Amino acid sequence: MDSTKQFSSLLENSTLSRVERMRLLPMRRMTNRSRGEHLAGKGGTSTEFNDYRDYSAGDDMRYVDWNIFSRLNRPYVKQYRHEEEMHVMILIDASASMRFGDKFEKARQLAACFAVMGLMNMEKVSLFACQHAGQTPQILSPCTGRMSIKRVLSFLENLPAGGDFPIDMAVEAVLKQHRGRGVCVLLSDFLTFGAMERPMNQLFSAGLEVFGIQILCGLELNPELTGDLRFVDSETGMTLDVSSVGDLIGFYHEHLHGLQEHLAGLCRQRSGRFVCLDSGLPLETLVFDTLKRKGWVQ
Amino acid sequence: MSLPGFSALINAWWFLLLVPLIIFYFLKLQRPRMEIPSLALWRQVITDQRVNSPFQKFKRNLLLLLQVLLLCALILGAMQPYLSRGTEQAQYLPVLIDNSASMAALDGPGGKSRLDEAKEKVSQLIDDLLADQRLCLISINSTARKLTDFTDNKRLLKEALSRLEVSQVPSRLEDGLRLAQAMSRVQQIDTVVLISDGNVPQEIDFELPFKLNFQKLTSGGANVGIVDFNARRSRTGWDVFARIEGTLKAEGSSGGPPTAKTMCEYELLQNGNSIKQESVSIEGGKAERLVFKVSTTIAISLELRIKPDSFDSLPADNVAYLELPAPRPLTVYCPRQMETYRNALANIPDVNLYPGTENEPKTVDLKFAEGPISLGPQSSVVMNVGFVPEDLSSLVELVAGESEIIDWRSTSPLLQHVQLLDIQIADDPKLAKGVAERDFELAGYEILAQSRSGPLILERDLSGRLDYQLLFHTDRSSLVYRVGFPILVQNLTQIAAQRAHLLDAKAQATGVLPIQKITPDTEVQISGPNGQRETATSDSNGLLSGVGAQSVGGYEITGSGDPIKIGVSLISSSETGLRVAETLTFPEVSISAATTALKTDQPLWHWFAVAGLVLLLVEWWYFQKRPFGAPG
């Protein structure tokens, strides 16, 4: 990538321009009360007509439809859809496990895509990166508008990876600092010893629709190993002796599939979404094909 | 089936090697370290119940398991396992292998001989030999010969077995059994294996001190052969008789050769020239007698050959040889003072009596003597009259007195048709104190007639010389006045003529060449059929004896004067008939042929060796199938 001509090292200019024209498609309307570009279910002050209702005392006279009043001789108030602001919270798992393959690179690129989409649609976007357990996550405080794109991309470009922050604890840590309803994009490999039910519940309770994106590299998706090995955990340094690894690959796939089913179930039950992406695939394929087909973005 | 046993159980100590093997396996097990993003999934995999199933656990340490199995296979092989067949394990096992003439019988055109079949059986025995077992191979034909000592050296046993060939002689089982009995005095022998085609004498005079396992081989094919070939002197020459027989399958018998039924072409050769050639039809079990008349005034060699037009399983009996001496009168030396004998001899035709008008030859066929000092020519048959020979002087002495013959052996050729009852004898033999009949036997004499006080007529056959000893003088007895006297002299001339082959001749059977009279203390060369060569030395009397003739054919003795040619033939009705004895009868027990193959303990070590090799290959493949632990 020729950095001198590129706006960001994370996204090519062509990709960035395409992403700028896209927007997030949350399944539920979880928005903030402040005005934004997302139509709320309740009446609002936008220009988009929603319904009529009988006039009641105290209603703003400006919303009375005088044409109908002249014909029916009864006052009706025009209702408009309320456009509210949606908070896009992006949580990047920046622990050591994400350094394998292109996982962290893809996580940052995807985070950039989601952030750009949010910013270009006047959403409030905040970014969190969790590295070391017990430490405060790196935070990009909520920002909005296209003017913040450079800031967001710069934050992501300078984001290091390493540490042992498990994703379940990272969610809890992040939620302590986050305010606002909207969408939570979780970019992680979700390979944690902890349970994901509690963080999912907390996200749901916080009014965040979960976009769970599991990013796995080839070693995790299709490990072609054999013989007797001593596995070393990249985050904790723990070891595990495994004999005849080749004979256990089948079981590994079963457990991986089970984990994905479990995570998808957790997200679905909380009106969220889940997808597993191969870090080896090009970003364009992931964003413009996979996510678009699944209806995550438009 | 019983559990396997082990011949070398001491090698089980090697199982202790399993301990260091397992220790070193785990100590030396260097698992390659591999960093992975997270152990979360792999820990779940490892704790999966299916992964921890016994089968999966086994798979996890497959390399160790293969090494343990390989070591176990090698140690078990070294422990010499064997599968017991229910028989007592014989540590020393003599194997008698019949290699008589009938063992050369083929089972069909181009088939294998009985000896080949026997060799296969013995070879199997050798292959199944356990570590603590020793075999001794003994060949039996007309005599027994030890091919090997008790040994477990399979190479030695197989070499001895491969050298074993058929001897064209009839079988004689007793010698082999006696040899085994002699060996049992040194080694503990419980069982003796006999491998034979069953063509052995059915009744055997032998007390079995061990178990005899009689392994009978399958019978050969049909056979036709010459079973007799002899000649009788006629006025013009010789009347020659031959008998040809074919095999006969006994009714109701499952074994035995098939009945022969064939046209047989025969040819008689005189000194190598064919003098008669005809055909004869042979029916199995029936003998066809052939008669030929041969006129000759010189010694000749006859050879009879037969050629059956169908399959003949035994070729050795298709030829027979007969040596006919030149016809001549019997030469007898009788001193002039033995007038009664000379008178008796004068009436016998074809007798040249010496001393007479002609010069005495150096040797005569019959000699009479009446004193211990030998006078006149040498003879193979001697009649000593009226004195006690020197070797008997310590046993008996002649005193004056009256005696009479109270008992005599009328079946003896000398005393046939001779009435000795009521003969008065003026000499009385007195036995020395403590001497009994047994002492005469020990001195080599056989008593033919005796008085109340001692023996009167003795016979001794020693070194090819036949001596008759009349301890009384016939002139001092009434025998000379009896009709029995000329008969006695006549019998004596018959015996002498027979010994000189002047009356009849018989084909010489295989086994040992007849005793030959040649120059004393001379080394001669004997060449036989199939290029056999042997040297032998005559004794001080010029007798050449004990020369083996195991093969049918012509033998020639050279090195002492003119070459002597002798034809040797099988001439055995039992061998030609391939008669099969299903049961061997011993004095107290009968042994039936075993219907099943000899049960030997089956060694299993080679299976463990093969298993070890397979395990080694599997381990090698498993180890090499992909670089250890490298990602694929």
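Along each chain, residue indices are assigned from 1 in the same order as the chain's sequence is written. Just so you know, chain letters begin at A and ligand numbers begin at 1, following the order they were written in. In keeping with the model being predicted, local features are shown solely for residues with a pLDDT of at least 70 and side-chain atom pairs are shown and tallied solely at 80 or more, while totals for entire chains, interfaces and linings include all residues.

## Some details on the overall build of chain B
The helix count covers DSSP runs of H or I at least four residues long, the strand count covers runs of E at least two residues long, and both are numbered beginning at the N terminus. Tallying secondary structure elements over chain B gives 12 helices and 40 strands in all. Across the 632 residues of chain B, 36% fall into the buried class. In this description, any two residues whose backbone-derived C-beta atoms lie within 7 Å of each other are considered to be in contact. Partitioning the contacts of chain B with sequence separation of at least 6, the portion at a separation of at least 24 is 70%. Counting other C-beta atoms within 10 Å of a residue's C-beta gives its exposure: the residue is buried at 20 or more, exposed at 12 or fewer, and partly exposed in between, where C-beta atoms are placed from the backbone.

## Considerations on the overall build of chain A
Regarding its fold elements, chain A presents nine helices and 10 strands. Scored against the burial criterion, the 298 residues of chain A give a buried share of 43%. For chain A, restricting intrachain contacts to residue pairs at least 6 apart in sequence, the fraction spanning at least 24 positions comes to 77%.

## Observations concerning the interface of chain B and chain A
Contacts between the two partners involve 29 residues from chain B and, on the opposite side, 33 residues from chain A. Elements with a contribution of two residues or more to the side of chain B that touches chain A: β2 (33–36), α2 (40–47) and α3 (54–60) of chain B. Two strands pair when backbone bridges link them, and strand β8 (residues 229–233) of chain A and β2 of chain B are joined in this way by four bridges, in the parallel orientation. Considered in β2 of chain B, the bridge of V232 of chain A is made with E35 of chain B. Here a strand pair is declared whenever DSSP counts at least two bridges between the two strands.

## Overview of unusual backbone geometry
Residues and elements named next belong to chain B. In the segment running from Y354 into P355, the intervening peptide bond is cis, with an omega of -10°. Looking at where P355 falls in the secondary structure, it is placed in the loop between β17 (351–354) and β18 (363–364). Positive phi outside glycine occurs at N271, with the angle close to 50°. Tracing the backbone shows N271 in the loop between β11 (261–270) and β12 (273–283). Here the phi dihedral of I571 falls at roughly 45°; this positive angle occurs in a residue that is not glycine. Inspection of the secondary structure assignment puts I571 in the loop between β37 (564–569) and α11 (573–577).

## Overview of the packing of helix α8 (residues 339–346) of chain B against helix α10 (residues 484–499) of chain B
Residue and element names in this part refer to chain B. Lines fitted to C-alpha atoms define the axes, with helix axes restricted to the stretch in contact, and inter-axis angles between N-to-C directions lie between 0 and 180 degrees. Relative to each other, α8 and α10 sit at 70°, their axes nearing to 9 Å. What the angle tells us is that α8 and α10 run roughly perpendicular. Contacts between α8 and α10 involve Y341, A344 and L345 from the first element and F485, P486 and V489 from the second. When grouped by side-chain class, the residues that make up the contact of α8 with α10 number six nonpolar, no polar and no charged. Throughout, the term roughly parallel applies to angles under 35 degrees, roughly antiparallel to angles over 145, roughly perpendicular to angles from 65 to 115, and oblique to all others. Residues are grouped as follows: nonpolar covers Ala, Val, Leu, Ile, Met, Phe, Trp, Tyr, Cys and Pro; charged covers Asp, Glu, Lys and Arg; every other residue, Gly included, is treated as polar.

## Considerations on the sheet that holds β11 of chain B
Residue and element names in this part refer to chain B. Taken in spatial order, the four strands of this open sheet run β12-β11-β14-β15, and their pairing is antiparallel. This sheet does not close on itself; its edge strands, each paired only once, are β12 and β15 (319–324). Within the sheet, the average angular offset between the axes of one strand and its neighbour, ignoring direction, is 20°. Of the strand pairs in this sheet, β11 and strand β14 (residues 300–308) are connected by seven bridges, and their pairing is antiparallel. Note that in β14 the partner of C264 across the bridge is P308.

## Description of the sheet that holds strand β40 (residues 602–603) of chain B
Residue and element names in this part refer to chain B. Here three strands make up an open sheet; going across it, the order is β1-β3-β40 and the pairing antiparallel. The sheet terminates laterally at β1 (5–6) and β40, the two strands that pair on one side only. For β1 and strand β3 (residues 81–83), the ladder comprises two bridges, and the chain directions are antiparallel. Bridge pairing links F6 to P81 in β3.

## Side note on the nonpolar core
A general feature of soluble globular proteins is that nonpolar side chains tend to end up buried together. The biggest cluster of nonpolar side chains holds 86 residues, and the ones touching the most others in it are I90, L91, A111, V152, V185 and L187 of chain A. At 11 residues, the largest contribution of residues to this core is made by helix α3 (residues 103–120) of chain A. The contacts of V185 of chain A, once residues within four sequence positions are left out, are V88, I90, L91, F114, F211 and I213 of chain A. Here, a nonpolar core denotes buried Ala, Val, Leu, Ile, Met, Phe, Trp, Tyr and Cys residues that are linked to one another through C-beta atoms within 7 Å. Counting 83 residues, the second largest nonpolar core, distinct from the first, contains A104, A260, Y266 and A509 of chain B.

## A short note on the packing of helix α5 (residues 167–175) of chain A against helix α6 (residues 197–205) of chain A
Residue and element names in this part refer to chain A. Two elements in contact, α5 and α6, have axes whose closest approach is 8 Å; the angle formed by their N-to-C orientations is 25°. Between α5 and α6, the angle is such that the two are roughly parallel. Note on packing geometry: the crossing formed by α5 with α6 is left-handed. Two secondary-structure elements touch here, α5 through D168, V171, E172 and L175 and α6 through R198, P199, Q202 and L203. In terms of residue class, the contact of α5 with α6 is made up of four nonpolar, one polar and three charged. Two helices that cross are described as forming a left-handed crossing if the nearer one is turned anticlockwise from the farther one by less than a right angle, and a right-handed crossing if clockwise.

## Observations concerning the environment of V245 of chain A
All names here are of chain A. Looking at the secondary structure, you find V245 in helix α8 (residues 245–269). Residue class for V245 comes out buried when judged on the 23 C-beta atoms lying within 10 Å of it. With residues near it in sequence (within four places) discarded, V245 still touches L225, T226, G227 and L229.

## Section: the pairing of strand β10 (residues 237–246) of chain B
Pairing of strand β9 (residues 224–233) of chain B with β10 of chain B involves nine bridges; the strand directions are antiparallel. Paired with V224 of chain B across the strands is G246 of chain B, a residue of β10 of chain B.

## Some details on helix α6 (residues 154–163) of chain B
Residue and element names in this part refer to chain B. Taken residue by residue, α6 has L157, A160 and L161 as its buried positions. An end-on view of α6 places all buried positions within 100° of arc, on one side of the element. Opposite its buried face, α6 presents the exposed residues R155, E159, S162 and R163, each directed more than 90 degrees away. Tucked inside the fold, the buried residues of α6 contact α5 (114–127) and β5 (134–140). To be clear, the arc concerns the directions from the helix axis to the C-beta atoms.

## A closer look at the environment of Q138 of chain A
Residues and elements named next belong to chain A. Here Q138 lies in strand β5 (residues 138–143). According to the C-beta neighbour criterion, Q138 is partly exposed, with 16 such atoms within 10 Å. Residues Q138 and P160, spaced 22 residues apart in sequence, show a C-alpha to C-alpha distance of 10.0 Å. The residues touching Q138, leaving out its near neighbours within four places in the chain, are A129 and L159.

## Remarks on the environment of L543 of chain B
Residue and element names in this part refer to chain B. Mapped onto the secondary structure, L543 falls in strand β34 (residues 543–544). For the pair L543 and T522, spaced 21 residues apart in the sequence, the C-alpha separation amounts to 9.7 Å. Ignoring any residue separated from it by four or fewer positions in sequence, one finds L543 in contact with S463, G464, I515, K517 and S538.

## Overview of the confidence of the model for chain B
Residues and elements named next belong to chain B. Per-residue confidence for chain B gives a mean pLDDT of 86, with 94% of residues at or over 70. pLDDT expresses how confident the predictor is about each individual residue, on a scale running from 0 to 100. Every residue in residues 627–632 is under pLDDT 50, and counting partners more than four places away or in other chains gives 13 contacts. Two numbers describe this predicted complex: its pTM, 0.56, and its ipTM, 0.82.

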